[in-house]
Structures are given as structure tokens and as C-alpha cells.
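# Coordinate inspection notes
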Amino acid sequence: MPIQQMRSETLPHRTDVRWFHAETVTDATSDPLVLPSLGRDIAVAVAPGTSARVEYTLSGYDAIEAGTAAWHAWPAGDVTEAATDVVAGAVSALRLVSTGASEWEVTA
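About the thresholds
Residues numbered from 1 in each chain as written. Predicted model: local features only at pLDDT ≥ 70, side-chain atom pairs only at ≥ 80, totals over all residues. Heavy atoms only, no water. Pairing = 2+ DSSP bridges. Helix = DSSP H or I, 4+ residues; strand = E, 2+ residues; numbered from the N terminus. Axes fitted to C-alpha atoms, helices over the stretch in contact; angles between N-to-C directions. Core = buried A, V, L, I, M, F, W, Y, C linked by side-chain atoms within 4.5 Å. Buried < 20%, exposed > 50% of the residue type's maximum accessible area, 1.4 Å probe, protein only. Contact = heavy atoms within 4.5 Å.

With that settled, consider the sheet that holds strand E8 (residues 83–87). On the basis of which strands lie adjacent, the open sheet formed by five strands has the order E2-E3-E10-E5-E8 and antiparallel pairing. Across the chains shown, the open sheet's two edge strands, defined by having one partner strand only, are strand E2 (7–9) and E8. Each adjacent strand pair in this sheet contributes to an overall mean axis angle of 20°, direction not counted. Pairing geometry for strand E5 (residues 42–47) and E8, over five bridges, is antiparallel. Along E8, the bridge assignment pairs Val46 with Ala83.

The following block contains the structure:
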């Protein structure tokens, strides 16, 4: 199974690295987005098409790549309006389940 990774960025004259991901998903489940292990929470924002749900996994990378990871819905469940939440840094990956064209952003 394909996986996605966040991209890292730094500002000039700064030493801290931030991680970003943005994507539009239309009537599908996104490929898993592997999260960096930073020891800090991850912010997630979703602008649903018709509806969308963020799912997270605590499974290992081998299970994610094999497509056998256990996925759990985020606390907000299925949303039909823009929503944000914070995911614990211990989560290994996220994915978006979308009906319609939904956009999501993830920042760590």
C-alpha cells in the first residue's frame, strides 16, 4: 500500500523544523499519512465536501504498509462542516475518508 509523508520546512535563521501536509481527497480514502515522531501534538483541519472523517492508527509501519493497520475515527466522527482537532504525537499515521471533495491540512 502506498504511504505519504509530511514535508519539513524551516524559516531562515530558525533551527526548529515544522512539518506540513495538505491534500484534497474526492470520494475516497487517502493513502496513510505517516507522522513524524516529534514528541508533540499534531494539528488537523478538515474542510469536508459532503462529509469527511479523519482516522488514526497506532499500528506499526509494517502493518500500515501491508494495509492491515487498525484504524480508529477521530473524536469528531463524520463532519459536514469545517473542523479542527489535535492528535497526540504518539499516533503513527492518519488518513482522510471523504465523501465529495474534502480538503485537509496537517501540521506538526
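Okay, back to it.
Right, let's get into the nonpolar core. Taken as a class, soluble globular proteins show a tendency for nonpolar side chains to be buried jointly. Judged by nonpolar contacts, the single largest core of 19 residues is most densely connected at Leu35, Val44, Val46, Val54, Leu94, Trp104 and Val106. Elements supplying a minimum of two residues to this core: E5, strand E6 (51–57), E8, strand E9 (93–99) and strand E10 (101–107). Sort the elements by how many residues they give to this core and E5 lands first, with three residues. Ignoring sequence-local partners within four residues, the contact set of Val46 consists of Ala52, Val54, Trp74, Val79, Glu81, Ala82, Ala83, Leu96, Glu103 and Trp104.

Here the focus is the pairing of E9. Taken across its seven residues, E9 has six buried, putting it largely inside the fold. Taken together, the two bridges between strand E4 (residues 33–34) and E9 define a ladder with antiparallel strand orientation. Residue pairing in the sheet places Leu33 in a bridge with Leu94 of E9. Bridge count for E6 against E9 is seven bridges, and the pairing is antiparallel. Pairing of Arg53 across the sheet is with Val97, part of E9.

Both faces of the sheet carry side chains from a regular strand, because those side chains alternate between them. Only one face of E10 is buried: it carries Ser102, Trp104 and Val106, and the other face, with Ala101, Glu103, Glu105 and Thr107, is open. Here strand E3 (residues 18–26) runs beside E10; their pairing, made up of seven bridges, is antiparallel. Looking across to E10, one finds that Phe20 is bridged to Thr107. Alignment of E5 against E10, held across five bridges, turns out to be antiparallel. Note on E10: the bridge partner recorded for Ala47 is Glu103.

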